[in-house]
Each structure stands twice: as structure tokens, then as C-alpha cells.
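So you can see what is in the structure, the chains are spelled out below.
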Amino acid sequence: MNDTVSTKDAEATGKAPRGRAVAATPQPAPSKTTVAKRTAVLVVAMHRSGTSALSRTLNLLGCESSPNLMGADEYNESGYWESRPIYELNEKILSSGGGGWAEWMEFNPNWFRSSAMDRFRERAVACIEAEFGKSNLFVIKDPRLSLLMPFWRSVFESMDIEPVVIHTLRNPIEVAQSLERRNKFLQPKGLLLWLRYTLEGERGTRGLRRFFTTYDDLMDDYVGFIDRSQETLGLFWPRNSEKLRRELAGFLTSNLRHHRVDGKSLRTLDYAAKWVETTYEVLRGFAEHGEDAAGCAALDAVHAEFTAAGNAMGAIAKDNDERYAQLTKLHAERDEIAAKQIEAEREAAAAKAELDKLRQANVELEQRTATLASDVERVKSAKAEI
């Protein structure tokens with residue numbers, strides 16, 4: 001199905017034009033012509049899915065970014081383009097609900113009905129105002145949004161801000177490999193985290209104006225990304241110009257990406273393979289053809305099975321995590337001891353070399369002393385003859 005499918009045809013077939021929302025729940029999606037005083041563009045996706053590149057792209061297109069961005073490091077040399085205060089607030093929220101960003105089990109649903117939500121909502125409102133002032137178009141990127149969308153939707157509603165969402169999808173094996181490099185997570189844990197964040201992010205944004213894309217689409221066809229996102233979201237990016245596109249060409253380069261695998265490799269998974277492959281293929285379909293009710297229903301089924309299984313095997317997985325953490329610690333200690341041994345051997349070798357130099361100098365000194373004594377004797381003999 002192409003992008004020109006009419007709304008009437010979409011209702012008849014149960015499908016929508018590319019990127020346009022068809023809610024799987026009774027809640028209707030708002031009209032694309034809805035006008036809000038302020039708009040927050042939310043980047044909703046799993047960690048290591050190209051969210052930093054997407055956030056910077058949106059900033060270059062004219063969305064205001066936080067003045068308090070997290071700094072670049074060896075894992076994101078071009079920067080995270082993520083608000084540190086919002087990241088810190090989300091960390092505290094997850095902690096208050098007994099969870100954390102690296103927990104693949106469902107975040108405590110009771111938290112959203114507790115008094116803690118009201119308390120944190122006030123803090124979130126203050127945080128948004130401090131970060132973005134009265135800006136009418138700004139971008140927020142934090143993967144933790146995927147787990148906390150019910151909370152943030154209530155925040156934006158209370159502030160009369162309309163959230164629109166861009167979901168970006170990356171091959172889950174690439175994500176797991178990146179997490180293994182950065183966080184030393186085993187690949188199965190990385191895949192389960194990808195599944196949890198991806199499923200919760202999609203479910204939590206139903207009924208909002210939203211656009212689905214992939215990391216590959218952004219990197220390989222950013223012009224197409226700009227055009228399709230504008231059309232689907234009903235927004236016009238303020239800085240969408242030829243000059244801007246040249247800037248993007250200089251920013252979206254291959255050195256942003258360190259892991260790349262073929263999509264067919266998902267078939268080789270022996271861990272949560274059905275859930276991961278189904279979720280990935282459904283969302284790829286959303287990015288290519290637009291979302292549909294059947295796809296949402298398939299994701300709901302995966303979510304129900306995954307959550308039920310998580311409750312059953314959570315203790316086992318936690319034990320595995322603890323054992324792996326202990327093993328990692330032992331390996332680190334072993335590597336530290338080996339490094340110290342190498343350093344000690346290097347210092348010993350240097351000391352031996354220095355000692356050899358001293359011995360050689362002593363030999364040379366003894367030779368010179370003997371030569372000097374011989375010269376003294378010759379002088380004495382000469383004096384005696386004179």
C-alpha cells in the first residue's frame with residue numbers, strides 16, 4: 001500500500017497510509033490538523049537504536065533542544081542530544097517504582113495509580129518549563145520515555161502541550177551487540193530489553209500523532225525521512241532547506257554506526273525468537289506501509305505472552321544476571337591482577353637493565369682505576385730514574 005491511500009480506504013481495509021495511526025483500542029486518534037499552543041516531539045525507542053542521531057536531526061530541522069545536554073563519550077562521540085535533567089528525573093521515577101532502566105520485566109503498573117505519580121508530575125512540569133521555557137516546538141529524547149509514557153502523557157496534558165511521537169526501529173541484534181560493548185550485557189538480556197522498550201513504547205503512544213521509521217531510513221534516506229515525517233505528523237520543520245540538508249549530509253555519516261547485521265539473522269536466534277521477530281517485522285511494516293489494527297493486535301499478543309512469561313522466569317533471569325555480574329567482576333579482578341603483574345615485570349626488567357648498567361659502569365671504573373694505578377707506578381719509576 002502506498003502513501004496516497006485515502007482515509008476512507010484505510011477505514012475499509014483496516015490499514016492506514018504510511019506512518020498514520022490506526023488505534024487498536026477504542027480511543028480515537030486525533031486529527032492531523034489539531035493545533036496546539038506548544039508541541040513536544042518525542043523520540044521513543046530502545047537505547048542504542050539511533051535515537052541520538054534522530055534527536056540531533058530534529059534539532060537541526062528546527063526543534064529546540066535542552067540547554068543541559070548530556071556530554072559526548074566514547075560510545076556516542078557526536079553526543080547524546082538528551083536532556084540531563086529529564087534523564088535524571090526518569091531515573092528517579094523508575095527507582096521510586098522499584099525498577100530501573102536495565103530491567104526487562106514490566107515496570108510496576110501500580111506506580112501509575114499511586115500518589116508518587118502526582119508528586120513527580122509537579123516536578124516534571126517544573127523540569128519542562130526550566131528546560132524549554134515557552135518554546136512552541138521542542139524535542140525530547142530519552143529511551144526511558146518508552147517505559148513511562150502514561151506518566152508523560154499526563155504531564156503534557158496538564159501543560160496544554162501536544163506530544164507527537166517518532167518511533168525509530170533498529171535491528172535488535174545490533175542493539176544487543178551495542179549494549180554488550182557498552183554495558184557488558186549478555187546478548188539475551190539485550191534482546192529482552194529491546195523487546196520490553198519497543199513493546200511499551202508502541203503501546204504507550206497509541207492515540208497520538210506518531211510516525212514510524214527505521215535507523216536505516218534515517219541514515220540512508222534522510223530527505224525521504226523529512227518529507228514523510230512532515231506529511232504523517234502534519235508538521236512543517238522550520239529549518240527544512242537545502243542548506244539544512246547539506247548539514248545533515250555532513251552529520252549522518254557511517255562513523256555514527258558501529259554494528260550492522262542482516263535482518264535475516266533474527267531467524268538464527270534461540271532466545272525469545274518468535275517474540276523478537278514478530279515485533280520487529282510488524283514495526284518494519286508500520287514504517288514501510290503505515291500502521292494497522294492487525295499489527296497492533298499482534299503486538300498486544302506478544303506483549304501479553306512476554307509479560308506473563310517474565311513473571312514466571314524473572315527470578316531465574318535475575319539469578320543469571322547476578323551470576324554474570326559476579327563472573328564479570330572476577331574477570332575484571334583477574335585482568336587487573338594480570339595488568340599489575342605485567343607492570344611489575346616491566347618494572348623488574350627496567351630495574352635489571354639499570355642494575356646491568358651499574359655493573360658495567362663498575363667494571364669500567366675498576367678498569368680505569370687499574371690503568372690509573374699503572375700510570376702512577378710508571379710516573380714513580382720515571383721520577384726514580386731522573
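See the structure shown above.
The structure reproduced in this document is the subject of the present report. (Residues numbered from 1 in each chain as written. Predicted model: local features only at pLDDT ≥ 70, side-chain atom pairs only at ≥ 80, totals over all residues. Heavy atoms only, no water.)

1. A short note on the packing of helix H4 (residues 115-132) against helix H5 (residues 149-158)
Two elements in contact, H4 and H5, have axes whose closest approach is 10 Å; the angle formed by their N-to-C orientations is 60 degrees. Accordingly, the angle class assigned to the pair H4 and H5 is oblique. Helix-helix and strand crossings are classified by hand; for H4 and H5 the assignment is right-handed. Two secondary-structure elements touch here, H4 through Met117, Phe120, Arg121, Ala124, Val125 and Ile128 and H5 through Pro150, Phe151, Trp152, Ser154, Val155, Phe156 and Ser158. Class assignment for the residues of the contact of H4 with H5 results in ten nonpolar, two polar and one charged. (Axes fitted to C-alpha atoms, helices over the stretch in contact; angles between N-to-C directions. Helix = DSSP H or I, 4+ residues; strand = E, 2+ residues; numbered from the N terminus. Parallel < 35°, antiparallel > 145°, perpendicular 65-115°, else oblique. Left-handed = near helix turned anticlockwise from the far one by under 90°. Contact = heavy atoms within 4.5 Å. Nonpolar A, V, L, I, M, F, W, Y, C, P; charged D, E, K, R; others polar.)

2. Some thoughts on helix H10 (residues 242-251)
Along H10, the residues classified as buried are Leu244, Arg245, Leu248 and Phe251. Projected down its long axis, H10 shows its buried positions confined to an angular sector of 115 degrees, all on one face. Turned more than 90 degrees from where H10 packs its buried face, Glu242, Lys243, Arg246 and Gly250 sit exposed. In the core, the buried residues of H10 are packed alongside helix H2 (51-60) and helix H9 (222-233). (Buried < 20%, exposed > 50% of the residue type's maximum accessible area, 1.4 Å probe, protein only. Arc of directions from axis to C-beta.)

3. Details of the nonpolar core
Within the largest apolar cluster, 61 residues are counted, with the highest numbers of intra-cluster contacts made by Ile128, Ile140, Phe151 and Trp152. Ranked by size, the runner-up nonpolar core spans 26 residues in total, among them Leu58, Met219, Phe225 and Leu244. (Core = buried A, V, L, I, M, F, W, Y, C linked by side-chain atoms within 4.5 Å.)

4. Details of the sheet that holds strand S2 (residues 137-141)
Taken in spatial order, the four strands of this open sheet run S2-S1-S3-S4, and their pairing is parallel. With partners counted over all chains shown, the strands left at the sheet margins are S2 and strand S4 (210-214), one partner each. Between one strand axis and the next, the sheet turns by 25 degrees as a mean value, whatever way the strands run. Here H9 sits on the sheet in contact with strand S3 (161-169) and S4, set at roughly 160 degrees to S4. (Pairing = 2+ DSSP bridges.)

5. Overview of helix H3 (residues 84-96)
Taking 1.5 Å of rise per residue, 13 residues should cover 18 Å, and H3 covers 18 Å from first to last C-alpha, within 8% of that figure. Within the sequence span of H3, burial applies to Ile86, Tyr87, Leu89, Asn90, Ile93 and Leu94. All buried residues of H3 fall inside an arc of 165 degrees around its axis, so they share one side. Buried positions along H3 lie against H4, S2 and H5. Gly98 lies just past H3 and shows a positive phi near 80 degrees. (Expected span 1.5 Å × (residues − 1).)

6. Some details on the pairing of S3
Burial analysis of S3 places nine of its nine residues in the buried class, the great majority of the element. Here S3 shows two buried faces, one formed by Ile161, Pro163, Val165, His167 and Leu169 and the other by Glu162, Val164, Ile166 and Thr168. With seven bridges connecting them, strand S1 (residues 38-44) and S3 associate as parallel partners. Bridge pairing links Val41 to Val164 in S3. Pairing of S3 with S4, which is carried by five bridges, proceeds in the parallel orientation. If you follow Thr168 over to S4, its bridge partner there is Thr213.

7. So, the pattern of salt bridges
Pairing is possible between side chains that carry opposite charge, provided their charged atoms lie close to one another. For the structure shown, the criterion picks out 25 salt bridges. Glu247 is paired through a salt bridge with Arg239; the nearest N and O atoms lie 2.9 Å apart. Of the residues examined, Glu247 reaches a relative accessible area of 30% and is grouped as partly exposed. What makes Arg239 partly exposed here is its relative accessible area of 32%. Via salt bridges that share partners, Glu202, Arg203, Arg206, Arg210, Glu291 and Asp300 belong to a single interconnected network. (Salt bridge = Lys/Arg side-chain N within 4 Å of Asp/Glu carboxyl O.)

8. Brief notes about empty space enclosed by the protein
For the structure shown, the criterion picks out three cavities of 30 Å³ or more. In this structure, the largest cavity occupies an estimated 130 Å³ of space. Lining the largest cavity are 16 residues, with His167, Thr168, Leu169, Thr198 and Leu283 positioned closest to its centre. Elements supplying a minimum of two residues to the lining of the largest cavity: S3, helix H7 (187-204) and S4. Here the element with the most residues in the lining of the largest cavity is H7; it accounts for five residues. Split by residue class, the lining of the largest cavity holds eight nonpolar, six polar and two charged. (1 Å grid on protein atoms, 1.4 Å probe; cavity = no way out; pocket = protein on both sides within 12 Å on 5 of 7 lines; lining within 4 Å. Points joined across faces, edges and corners; volume = space filled by probe spheres on them.)

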